[in-house]
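Inside the fold
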Amino acid sequence: MTVAAALSVRALAGGGFAKYAGDALYTVLVHALLVFLAPRVRPLLAAGGALVFSCAVEFAQLSDVPARLSARSGAARLVLGSTFNAPDLLWYAVGAGAGWWVHRWAGRRRPSRAVQPFARDLSSDS
C-alpha cells in the first residue's frame, strides 16, 4: 500500500509536495519492512529504526558513493538517492510518526489472545 501511495502521489501531484510526500512514505516503507521482518517489534522501536535508517541514508549522500551508485542503477537511485537535502530529515520524521501511529492503531485492533473460546471451565468439574 505504501508503494502504491507513493506512485499515486508521484503521478497525481508534482513539485515539492510529491517529493516530500515521497520522503515521508520512504520512511513508512522502511517501518513496514521492519515490522515484516520482526512482527513483534514495538511501534516506537520500529518508527525509531526507520527514522535512523532514513537519516543514515540521507547523511550518506554527503559522500559521493550514493551518487555514483545511483548513476549506475535505477534501483540504487530509488533506495539511496543522490544528493543531501536537509529538509528531507524533517519529512523522514513525519513518515516515522505516521508509521508509528498506524502500527500502534493496528496493534490495538487485534483481538486479545487472552480470550479462549473453546477452553474448558474447570470450576464446574467436581
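In this report, we go over the structure that sits alongside the text. (Residues numbered from 1 in each chain as written. Predicted model: local features only at pLDDT ≥ 70, side-chain atom pairs only at ≥ 80, totals over all residues. Heavy atoms only, no water.)

1. Overview of the overall build of the chain
Going by this rule: Per the convention used, a helix needs a DSSP run of H or I reaching at least four residues, while a strand needs a run of E reaching at least two, with both numbered from the N terminus. With a 1.4 Å probe rolled over the protein chains alone, any residue whose accessible area is under 20% of its type maximum counts as buried; one over 50% counts as exposed, and the rest are partly exposed. Contacts are residue-level and defined by heavy atoms, with any inter-residue pair within 4.5 Å sufficient. Reported accessibility uses the Shrake-Rupley method at a 1.4 Å probe radius. Residues are deemed covered only where the shown protein chains occlude them.
Helices and strands together make up the secondary structure of the chain, namely 6 helices and 0 strands. From first element to last, N terminus to C terminus, the chain shows the α and β order α-α-α-α-α-α. Residues counted as buried form 25% of the 126 residues belonging to the chain. In the chain, the share of contacts with a sequence separation of at least 24, taken over all contacts with a separation of at least 6, comes to 59%. With the model as given, the accessible surface of the chain reaches about 9,000 Å², and the carbon-plus-sulfur share is 68%.

2. Some points on the side chain of T27
Mapped onto the elements of the fold, T27 is located in helix α2 (residues 15–37). Exposure remark for T27: the relative accessible area of 0% places this residue in the buried category. Those residues in contact with T27 that lie beyond four places of it in its chain are A50, L51, S54, Y92, G95 and A96.

3. Quick look at α2
Operational definition: Each helix should span, by expectation, one fewer than its residue count multiplied by 1.5 Å.
Counted at 1.5 Å a residue, the expected span for α2 with its 23 residues is 33 Å, and the 33 Å between its end C-alpha atoms agrees. Along α2, the residues that are buried comprise A18, A21, D23, A24, L25, Y26, T27, V28, V30 and H31.

4. Focus: the packing of helix α3 (residues 43–60) against helix α6 (residues 87–109)
Put simply, the rule is: To obtain an axis, a line is fitted to C-alpha atoms, over the contacting stretch when the element is a helix, and the angle between two such axes runs from 0 to 180 degrees between their N-to-C directions. Just so you know how the angles are binned, under 35 degrees is roughly parallel, over 145 roughly antiparallel, 65 to 115 roughly perpendicular, and the rest oblique. We call a crossing left-handed when the near helix sits turned anticlockwise from the far one by less than a right angle, and right-handed when that turn is clockwise.
Between α3 and α6, the shortest axis-to-axis distance is 9 Å and the interhelical angle comes to 160 degrees. Viewed along their axes, α3 and α6 adopt a mutual orientation that is roughly antiparallel. In this structure, α3 meets α6 at a crossing whose hand is right-handed. The segment α3 lies against α6, with P43, L44, A46, A47, L51, S54, C55, E58 and F59 engaging D88, L89, Y92, A93, A96, W100, H103 and R104.

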